[in-house]
Amino acid sequence: MSDLSELFPSRKGHSDWMKDAFRLAEKAFSMGEVPVGAIVVKDGKIIGRGHNQRERLNDPTAHAEILAITAAAGTLKDWRLNGTTLYVTKEPCPMCAGAIINSRVSHLIFGAYDEEKGCCGSLYQLCGDRRLDSRTTVQGGIEEKNCTAILKDFFQLKRNKGTQ
């Protein structure tokens, strides 16, 4: 008998996948990093994971999305991530939106909107912009309450530590 996962691909919905990304955001929080987590899914399987690691790696590009995209490309042994979905707990910044476009991620699903730096619907809409040859579809607000709350908690904690 063949592997049942091949016959019955994952029936997880966007909310379920976002919860997987959220666990990575919690990991980032526990490490003192801005709590953002990301996963890349293809054919019902996670092929890349990442959480913010700018502080730990002293790398301004070590955003959750970049690390998840890099891991997914390594898994596939191809920089083209056609047919994949990226789940991330916070709306991507311009750098990450560019990486999403350049890696040809098919679908972007995010949690919290970012009115200050969000480039996938809030401030700008880079993903899906045909002028950039992007065909990435975008959906925001998945598990938004939890994704927003962890960010608020993190920055409140940072502010409180700064006043002591």
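As the structure is a prediction and not an experimental result, all values here were calculated from the model.

Once that is clear, we can look at the overall build of the protein chain. Each helix and strand in the protein chain was counted, giving six helices and five strands. When the helices and strands of the protein chain are listed from N to C terminus, the series reads α-α-β-β-α-α-β-α-β-β-α. What you see for the protein chain is a C-alpha radius of gyration of 16 Å, in line with the 15 Å of a compact globule of 164 residues. Counting only C-alpha atoms and orienting by the principal axes, one finds that the protein chain spans roughly 60 × 40 × 30 Å. Across the 164 residues of the protein chain, 42% fall into the buried class. By sequence separation, contacts in the protein chain at least 24 residues apart represent 56% of the contacts at least 6 residues apart. Accessible area for the protein chain stands at about 9,200 Å²; split by element, carbon and sulfur atoms hold 51% of it. Mean positive and mean negative side-chain charge positions of the protein chain (23 and 20 charges, respectively) differ by 2 Å.

Quick look at the environment of valine 34 now. Positionally, valine 34 belongs in the loop between helix H2 (14-30) and strand S1 (37-42). For valine 34, a relative accessible area of 18% corresponds to the buried category. Sequence separation between valine 34 and aspartate 78 is 44 residues, and the spatial gap between their C-alpha atoms is 29 Å. Ignoring sequence-local partners within four residues, the contact set of valine 34 consists of Ala28, Asn52, Arg54, Leu151, Phe154 and Phe155.

Right, let's talk about the environment of arginine 80 for a bit. Topologically, arginine 80 is positioned in the loop between helix H4 (64-76) and strand S3 (85-90). As a C-alpha pair, arginine 80 and leucine 123 span 43 residues in sequence and 26 Å in three-dimensional space. With near-sequence residues (within four places) excluded, arginine 80 lies in contact with Ser103 and Arg104.

So, how was this worked out
Residues numbered from 1 in each chain as written. Predicted model: local features only at pLDDT ≥ 70, side-chain atom pairs only at ≥ 80, totals over all residues. Heavy atoms only, no water. Helix = DSSP H or I, 4+ residues; strand = E, 2+ residues; numbered from the N terminus. Rg over C-alpha atoms; globule rule 2.2 N^0.38 Å. Buried < 20%, exposed > 50% of the residue type's maximum accessible area, 1.4 Å probe, protein only. Contact = heavy atoms within 4.5 Å. Areas by Shrake-Rupley, 256 points an atom, 1.4 Å probe, with all protein chains shown as cover. Lys, Arg positive; Asp, Glu negative; His and termini not counted. Charge placed at Lys NZ, Arg CZ, Asp CG, Glu CD.

Bear in mind that shape data such as this cannot, by itself, settle questions of function.
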